[in-house]
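Given next are the chains, with one letter for each unit.
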Amino acid sequence: MSYNTLPEGSVVLRLEFSIADAVHQRGLVSVLGAAISAWWNRPRMPAHLPAYLRDDLGLPPAASPAHWLDIPVNQTIPPPLRRPGM
């Protein structure tokens, strides 16, 4: 499979033709099994990447889990008004 784009056809069209050709040659079950196997065994991102590697890969900074007690209190909301005599 090639990713070179040619003026006479798109990559998606050639990929669809390749999949159709593989199904024709090997059968639908075999092609689906290979696709599921490739998806299941795909490379995964390690759980803890150092900040310099995240920056090199263009990933956002690591998210820290938030706890509801860590959320700052919004000081712009005024306290409820108290009526006289209550």
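Just so we're clear, the structure is a prediction, and the values are computed from it rather than from any experiment.

Colleague: Pulling in residues and values, what's your account of the overall build of the protein chain?
Modeller: For the protein chain, the helix and strand inventory stands at three helices and zero strands. Counting over 86 residues, the protein chain shows a buried share of 3%. Only carbon and sulfur atoms are counted for the fraction: they give 65% of the accessible area of the protein chain, which is about 8,600 Å².

Colleague: Help me get a handle on the confidence of the model for the protein chain, residues and values and all.
Modeller: Per-residue confidence for the protein chain gives a mean pLDDT of 77, with 76% of residues at or over 70. Of all secondary-structure elements in the protein chain, the lowest mean pLDDT belongs to helix α1 (residues 11–26), at 79, while helix α2 (residues 28–40) reaches the highest, 90.

Colleague: Outline a nonpolar patch on the surface, listing residues and values.
Modeller: Among the surface-exposed residues, Leu28, Leu32 and Ile36 lie close enough to one another that they form a single nonpolar patch of about 300 Å² accessible area. Along the chain, the position of Leu28 falls in helix α2.

Colleague: Kindly report on the side chain of Arg54, identifying the contributing residues and their values.
Modeller: Turning to its location among the elements, Arg54 is positioned in helix α3 (residues 51–57). Although buried, Arg54 forms no salt bridge, and the nearest oppositely charged side chain, Asp55, lies 9.1 Å from it. If we ignore the near neighbours within four places in the chain, the residues touching Arg54 are Leu49, Leu59, Pro60, Pro61 and Ala62.

Cut-offs and rules
- Residues numbered from 1 in each chain as written.
- Predicted model: local features only at pLDDT ≥ 70, side-chain atom pairs only at ≥ 80, totals over all residues.
- Heavy atoms only, no water.
- Helix = DSSP H or I, 4+ residues; strand = E, 2+ residues; numbered from the N terminus.
- Buried < 20%, exposed > 50% of the residue type's maximum accessible area, 1.4 Å probe, protein only.
- Areas by Shrake-Rupley, 256 points an atom, 1.4 Å probe, with all protein chains shown as cover.
- pLDDT = per-residue confidence, 0-100.
- Patch = residues over 30% accessible without salt bridge, like charges linked within 9 Å, V, L, I, M, F, W, Y side chains within 5 Å.
- Salt bridge = Lys/Arg side-chain N within 4 Å of Asp/Glu carboxyl O.
- Lys, Arg positive; Asp, Glu negative; His and termini not counted.
- Contact = heavy atoms within 4.5 Å.

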